[in-house]
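# Overview (structure and organization)
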Amino acid sequence: MGHTLVIVESPTKARTIRGFLPKDFKVEASMGHVRDLPNNASEIPAAHKGEKWANLGVNTANNFEPLYVVPKDKKIVVKELKDALKGADQLLLATDEDREGESISWHLLQLLSPKVPVKRMVFHEITKEAIGRALEQTRELDMELVHAQETRRILDRLVGYTLSPLLWKKVAWGLSAGRVQSVAVRLLVQRERARRAFRSGSYWDLKARLEQAGAGFEAKLSQLGGVKIAGGSDFDESTGALKAGSKVRLLSEAEAKALQAQVQGAAWTVAEVEEKPTVRKPVPPFTTSTLQQEANRKLRLSARETMRTAQGLYERGFITYMRTDSVHLSDQAINAARSCVGAKYGKDYLSPSPRQFSTKARNAQEAHEAIRPAGESFRDPATTGLDGRDLALYELIWKRTVASQMADARLTMLAVELQADGGALGPASFRASGKRIDFAGFFRAYVEGSDDPDAALEGQEVLLPALKVGDRPACKAVEALGHQTQPPARYSEAALVKMLEKEGIGRPSTYASIIGTIVDRGYATLAGNALTPSFTAFAVTALLEEHFPDLVDTSFTARMENTLDEISHGQVQWLPYLQSFYKGEQGLETQVAQREGDIDPGVSRTVELEGLPCVVRIGRFGAYLETKRVADDGSEELLKATLPQEITPADLDADKAELILKQKADGPESLGEDPETGDLVYLLFGQYGPYVQRGQVSDENPKPKRASLPKGVKPEELSLEDALGLLRLPRQLGEHPDSGKIEAGLGRFGPYVVHHKGKGEKDYRSLKAEDDVLMVGLSRAVELLAMPKKGRGGRTALKDLGTPEGGDEAVQLFDGPYGLYVKQGKVNASLPEGTTADTITLELAVELLAAKAATGKAKGRKPAAGAAKKPAAKKPAAKKPAAKTAAPKAPTTTKTGRLRASAVRVIRAADS
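Overview of the structure. (Residues numbered from 1 in each chain as written. Predicted model: local features only at pLDDT ≥ 70, side-chain atom pairs only at ≥ 80, totals over all residues. Heavy atoms only, no water.)

Moving on, we come to helix α3 (residues 99-112). Helix length check: α3, at 14 residues, gives a terminal C-alpha distance of 20 Å against a target of 20 Å (1.5 Å per residue), a fit within 8%. α3 sits mainly inside the fold: 11 of its 14 residues count as buried. Taken as a whole, α3 has its buried residues at Arg-99, Gly-101, Glu-102, Ser-103, Ile-104, Ser-105, Trp-106, His-107, Leu-108, Leu-111 and Leu-112. Check the buried side of α3 and you find it contacts β1 (3-8), α2 (72-85), β5 (88-93), β6 (118-120), α5 (143-170) and α16 (554-568). (Helix = DSSP H or I, 4+ residues; strand = E, 2+ residues; numbered from the N terminus. Expected span 1.5 Å × (residues − 1). Buried < 20%, exposed > 50% of the residue type's maximum accessible area, 1.4 Å probe, protein only. Contact = heavy atoms within 4.5 Å.)

Spelled out as structure tokens, the structure:
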């Protein structure tokens, strides 16, 4: 008797689905894509090695025929799938229900060449009911979806592999271009340009604290002499002055303080009271895009982390498919959500009738339903057994889905206008605003942008005392407040995802990998949830804007996206479109051939920013400043100085540039003399930021003592005393109550305290923002060391499993992006499926760590647990100036070497 073979993408999905299938079904995982365009020269088949187009992976001269190869790490997987197919009497391709999933199924069909019947099995949640329905409703492979995905893949390869080598030649090695990636980078650059061009405006207003019948409230100045007072939105961001034609009054500091003195002693009268009832309706359930945005805002998860976590929840049967543009809910989901509302919040909080939402996203497709908890009844987050970010994300999805079926929130918006005599400046009008929540409705479960609905309700409600026209509240105090307008905020991941979706650029399912690529390639840094573009991003964007403007134009890219969607619906033929895009008169191949010779690398590597006494250039080791100066002998020479990595394009002004150039020209600036050694102490700027140094580099002193400035310390405010303190780190703080010594120091990850326990064992903790490494005392250090130790990414250990016999370091349990793992020293090991935080033991953890340490992945690490002692941690090294960077090894110059290097460069071009 044969069996039915079911193929899915991942082992987790296979394990979950296996429990819902008959016993004669066998489930195997393809481990994602089994076939793709070649990623490197070694993957090109021997028969195509000499072909020029093979490096591209697409035969543009022969109907854009793609060259598909099975990567080395997938050959075993394919063999195992072929073996599993032997003896099967049916094959079910059960990959995900979207273009990518359809494409994987098609590649499997091509590779396996099954002789038995083949059906496509699709579902958007992994539950018993959904799998049962999917078995009854199998279909044929959707070739329109396959062609649509294949066209996207080919188009992205053509853009990436055609433009990336151009960027290597004209800007810097290792850069990449991409159909969506380059547009996203341009959005970041445009925002940074706006920040750079921004001119701050200043204005003043008044805030009064008033009291009526013992209840206090605040009011702000709104009008003076019948004219509106200027606020931040009235200023021109490029000049810092009021916008042309603004009919507002700009208060000076003197006027504001004169008015403050006048109204403080004047009689106040309530002139108008307005109450406006309003209704708030719940937002639709999550799509891929809105989930990424809200998880970034509420949980501080990156788009990549959100999708990774959601993938795990889907594959384990907790949520429906996480790649979807739809906000539609099935009848089953609506009933399940309404059941949750009734049970948890009561019938009063249920919407009078079921709510259904319509999808407004451009060309919405992918799965047919929003992201929601899986099943005919939703599991309460508290009963799932989930923890860490899995629980946080599931709870977010549960709350948003349940809230969608709850009653409207009813609020009353309150506004009170008060009058006071402003003397010579005229009558002054103040406004007090409030908000009263009459019925919380769906707010009880979910408030957008807040992770705590109860706290959000309290924060949203601003109550005013009962006031009526003619009341004369008492004025307790009046403040005159000065304000500066703020530059436009940099994009957060959530804001960038929102903008890309709004403009119709790319698909939400790809945003996580796009943002990840932008950061990985050095086009932007992510700090404090803000994406800051690099000087390299400025150079690349400028080149593309000048020579390939369509490829970074949002409307052009959105139209391309529409065409790709039309291909998936059979409305546009894919081959003529590719011919036109790549080989037409204005095609990409033609444009690159025509323009490559016109692009001057010297110009492309130059970033000209207004207001600087120099230019910024992109070099092999990062950005640097360059200017011409007159030497002592009267000749003109070039002066170059490395730009510290912490300086952003918007923050680089003439003063900073001149300081860096002056130090390069005149030598380091001395802060004074170290009384203990007699050496001068210098303030220097390196690639990794400012640092202090005792003495100069010489034959007698090749490695003078250096120390980086802690984050937040401004170089211009650094005193000799502080510099000497940094150079004398680490500081001895005293004895630990449990034995051993404690010291404070400054390492590559910032300031820290360390407990020397003896026998080489050390316990580190980073100092908090409020702590000063030069001032922190013993009691504070002991307090910090008592806090739970954090692992990778700042994660706090879930629990300490203890120190194994013969070992020096404790074994701890953490929750990471791929689930639970144990850690000892530098060795990490994932927990086996089914092992939880409650069932993991020290003995099992030691076995897992020892096995991991023995594998190739742990190469260079010491065996875990008691097998060998971890060597004493090295003293944190001071950062060296960029000037000392070693020269790279000379490239191969033989003909064969040049050809091989050329092939590798072309193959490594970015795929975006």
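Read across the open sheet, the four strands follow the order β16-β17-β18-β19; overall the sheet is antiparallel. Each edge of the open sheet carries a strand with a single partner, namely β16 (606-607) and β19 (636-642). Pairing of strand β18 (residues 622-630) with β19, which is carried by seven bridges, proceeds in the antiparallel orientation. Following the sheet pairing, Val-630 is matched in β19 by Glu-636. Here helix α15 (residues 535-547) sits on the sheet in contact with β16, β17 (615-619) and β18, set at roughly 95° to β17. Taken strand by strand, helix α20 (residues 654-666) contacts β18 and β19, and its axis lies near 115° from that of β19. (Pairing = 2+ DSSP bridges. Axes fitted to C-alpha atoms, helices over the stretch in contact; angles between N-to-C directions.)

Right, let's talk about the sheet that holds β5 for a bit. Spatially, four strands are ordered β2-β1-β5-β6 in an open sheet, and the strand pairing comes out parallel. Of all strands in the sheet, those with a lone pairing partner are β2 (25-29) and β6, marking the two edges. Strand-to-strand twist across the sheet, computed as the mean angle between neighbouring axes with direction ignored, equals 25°. One ladder, built from five bridges, connects β1 with β5; its direction is parallel. When the bridges of β5 are listed, Val-6 appears paired with Leu-92.

Further remarks concern the pairing of strand β14 (residues 524-527). Residues in a regular strand project their side chains so that they alternate between the two faces of the sheet. Sheet topology places β14 next to strand β15 (residues 530-533); four bridges connect them, and they run antiparallel. Bridging across to β15, Ala-524 finds its partner in Pro-533. Between β14 and β15, which pair antiparallel and follow one another directly, the connecting turn spans two residues, one of which, Gly-528, has a positive phi of 60°.

Secondary-structure assignment places Lys-128 in helix α4 (residues 128-136). The exposure class assigned to Lys-128 is exposed, which follows from its relative accessible area of 60%. The spacing of Lys-128 and Gly-317 is 189 residues in sequence and 9.5 Å in space, taken between C-alpha atoms.

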